[in-house]
Amino acid sequence: MAEITAGMVKELREKTDAPMMECKKALSEADGDMVKAEEILRVKLGNKASKAAARVAAEGVVSIHISADGKLGSILEINSETDFVAKNDDFLKLAGDCAALIAINNPADVAALSALPLGEGTVESTRSALVGKIGENMSLRRFTRVEAKGKLQSYIHGGAKVGVLIDLVGGDEQLARDLAMHIAASKPKSLDASGVSAELLDTERRIAIEKARESGKPEAMLEKIAEGTVQKYLKDVTLLGQVFVKAEDGKQTIEQLLKAKGASVASFTLYVVGEGIEKKVVDFATEVAEQQAAAAAAR
């Protein structure tokens, strides 16, 4: 049996918002496996156990560039340490310049983007100079470049904290904008079921079975219940399966909307600033004490 430390319990609690004792029990049952313990909590407590895991702490902006004809575009996330810097004009200019460079030059990755010419030097030298000027680190995190099959539309929300780039075939500009706004609000994981990983579906199926078993459902019904849960999950996380946020009847799905408009979505990219990044949380009093101790030791 693995030793369950206070630090492990604290980490699981921060991820799940579950009660401390429930976290300790789950870790014991999972023999210290953090991922398994989180899954156990989801079985017992439902989606409440995963709400904190969706929280993000990194600052920065999403920047989007689209060519005049709407056929070529890019979306970029660039991070900073604080929201104050994320609003700095020089920082925002760097983000916009990099988004344009991505669309025009098609760099293979962040390293290739960093090496591209910009101003009197490169993207990297410009970034480094800005870090020196502002006194805060900043990094180019990720980007996507799109050659449209239809026409590109974008939407930026929440002070550039959420950005969407969508490639719509057919339809019109209003439909494209409505869809981009829907994606920003509903945050689908993929266009359709083919974009959802088998591993993720297996996890949802396994959790559904355990929940049904704990509620006393007959063993013969567990697979059927799990399949129904998975299908509901797919409707919730795929763009085509989601109910359109502006649907007047509250029932029309994106798939039905597109069919009615004679249009289709070739692709979309959704970036949420800091998504998936864990930010270290430091207790201020502890940090001051550590600094004082280090200073004393250095004397």
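Heads up: these notes are all about the structure in this document. (Residues numbered from 1 in each chain as written. Predicted model: local features only at pLDDT ≥ 70, side-chain atom pairs only at ≥ 80, totals over all residues. Heavy atoms only, no water.)

**Observations regarding the pairing of strand 7 (residues 162-169)**
Burial within strand 7 is extensive, with seven of its eight residues counted as buried. In sequence, strand 6 (residues 151-157) turns back onto strand 7 through a hairpin of four residues, with G158 there showing a positive phi of about 65°. Strand direction decides the pairing type here: strand 7 and strand 8 (residues 264-272), joined by eight bridges, are antiparallel. Within the sheet, the bridge partner assigned to L168 lies in strand 8 and is V265. (Buried < 20%, exposed > 50% of the residue type's maximum accessible area, 1.4 Å probe, protein only. Helix = DSSP H or I, 4+ residues; strand = E, 2+ residues; numbered from the N terminus. Pairing = 2+ DSSP bridges.)

**Quick notes on unusual backbone geometry**
Phi at D31 takes a positive value of approximately 55°, unusual for a residue other than glycine. Locating D31 in the fold gives a position in the loop between helix 2 (20-29) and helix 3 (34-45). Residue classification places D31 among the partly exposed residues on the basis of a relative accessible area of 42%. Within the chain, N106 stands out as a residue other than glycine whose phi angle is a positive 55°. Inspection of the secondary structure assignment puts N106 in the loop between helix 5 (89-105) and helix 6 (110-114).

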